[in-house]
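Understanding the architecture of this molecule
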Amino acid sequence: MRPLHARYPFFAAARQAVESAEVAIATLVTEDAPAVERGVERVERALMEGTVEAEDPYAWDTQSELLSYPISRIIVSLVETPAAVDKYARAEADTAYERMLADFGAGDNDINSDARASLDDFLREFDLTDSVRAESTGNSHRAPEYYWVDVGPYLTYCDTDWGANWRLVNRSLADGAVRVARTELYELLREAVRRRVAEGLPFTVRGSDAGDQLADALKPHVERLRNLLSDRGAINVVYTDSVDPDHFPPCVEALLTRAQDGEALPNEAAFSLAAFLVGVGLSPEEVGGVVGEANAESLKNRATILADSSGSQYAPPTCETMQAYDLCVNRDDRCDTISHPMKYFKTATTDAESAATDEATGGAD
Ligand code: SF4
């Protein structure tokens, strides 16, 4: 295992190094080896800070650093949210990009040369050697400022979201190649890295005895990461201005918490929550945005049906029905004055508005 493999663990040679080392990932996980701790840190930093760089780069040896990569892929797969895969792949690519900038700029006598990759290494890795040509500077000692990239690979790695500047119509084209600045070439390589990292993620871990054991051993880490994602609002909690969740009745608050914690809500609970959220004015997209990643799609679909319908058939359940469903929980004083969760929300909102007006009026006196 070379330091270069640990620095760029998505390289094919790095994967081969892991395979030929014949280290059983399952054993590392069961023994809670340093690579597991680093793998958890890798995912946590990716999800929270957008980098997979170790907090203390001197804390890990080459083997732990390299092996943390396959372990982090298992962890990301177990976290089971598309947002986690996306964030993780971007963080790996962004970190590789920073390293690539440092490596390509390092001199020939650099003491860390064994860990550094060259531009040629990257082009070879992504099968681009014949597709990228440096534009002559007229000075062999100066790094080229521009390159010509064949249209095929250019279009493969160029993202349409990058803006008009990347569109072919706004580019110099010659002999089937596109002229790009050196920094733009590096951005194409970053995208190539992101795609390679994202490839195959998430994969199924459970389903065999070995997979189940692995997943069970990693469960505390995975649950903590899920909670971190949820605490950081990665589940995209957004309400319209006119809807204040502080005015939701306790039964709805409880349902929301269950949904945001990732519980697959039973039918009545999912219907009650979706019907209430549509009832207070949230669009199906907004419903999907506030109920947490695990329930987003199903509750958004329910909300779409509810929002399209009319009449009392799809009205949110009354308190009596909520009690029958066993969903009337954490009652408070206001509950004694109403018979419908919607009424709870309306009176709580009205009371809050009156209190705000009183305060404003009092302040003006
Ligand atoms: S009384 Fe009604 S509003 Fe209050 S918690 Fe029960 S169901 Fe919800």
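This report concerns the structure included in the present document.

Quick notes on the rules
- Residues numbered from 1 in each chain as written.
- Predicted model: local features only at pLDDT ≥ 70, side-chain atom pairs only at ≥ 80, totals over all residues.
- Heavy atoms only, no water.
- Near = heavy atom within 4 Å.
- Helix = DSSP H or I, 4+ residues; strand = E, 2+ residues; numbered from the N terminus.
- Nonpolar A, V, L, I, M, F, W, Y, C, P; charged D, E, K, R; others polar.
- Axes fitted to C-alpha atoms, helices over the stretch in contact; angles between N-to-C directions.
- Parallel < 35°, antiparallel > 145°, perpendicular 65-115°, else oblique.
- Contact = heavy atoms within 4.5 Å.
- Buried < 20%, exposed > 50% of the residue type's maximum accessible area, 1.4 Å probe, protein only.
- Pairing = 2+ DSSP bridges.

1. Notes on the site of the ligand
- Surrounding the ligand, one finds Pro249, Pro250, Cys251, Cys319, Met322, Cys328, Val329, Arg331, Cys335, Ile338 and Pro341.
- Of all the secondary structure elements, the ones that give two or more residues to the shell around the ligand are α11 (250-260) and α15 (319-324).
- Residues belonging to the shell around the ligand are distributed by class as follows: ten nonpolar, no polar and one charged.

2. So, the packing of helix α2 (residues 12-21) against helix α5 (residues 62-79)
- Interaxial distance between α2 and α5 falls to 10 Å at its minimum, and their mutual angle equals 95 degrees. As the angle between them shows, α2 and α5 are arranged roughly perpendicular. Counted together, Ala14, Ala17 and Val18 of α2 and Leu66, Leu67 and Pro70 of α5 form the full contact between these two elements.
- Considering only residue class, the contact of α2 with α5 consists of six nonpolar, no polar and no charged.

3. Notes on unusual backbone geometry
- For the bond running from Leu201 to Pro202, omega is -10 degrees, close enough to zero to count as cis.
- Its location among the elements puts Pro202 in the loop between α9 (182-198) and α10 (209-231).
- Unusually for a residue other than glycine, Asp127 sits at a positive phi of about 60 degrees.
- In this fold, Asp127 is placed in the loop between α7 (119-125) and β1 (132-134).
- If you check the backbone angles, Asn330 has positive phi at about 60 degrees while not being a glycine.
- With respect to the helices and strands, Asn330 occurs in the loop between α15 and α16 (341-364).

4. Concerning the pairing of strand β4 (residues 177-181)
- Summarising burial for β4: four of the five residues are buried, a large majority.
- In this sheet, β4 lies alongside strand β2 (residues 146-150) in antiparallel orientation, the contact comprising five bridges. What sits directly across from Trp148, in β4, is Arg179.
- The antiparallel pairing of strand β3 (residues 173-174) with β4 creates a hairpin that spans two residues between the two strands, and Asp175 there sits at a positive phi of about 50 degrees.

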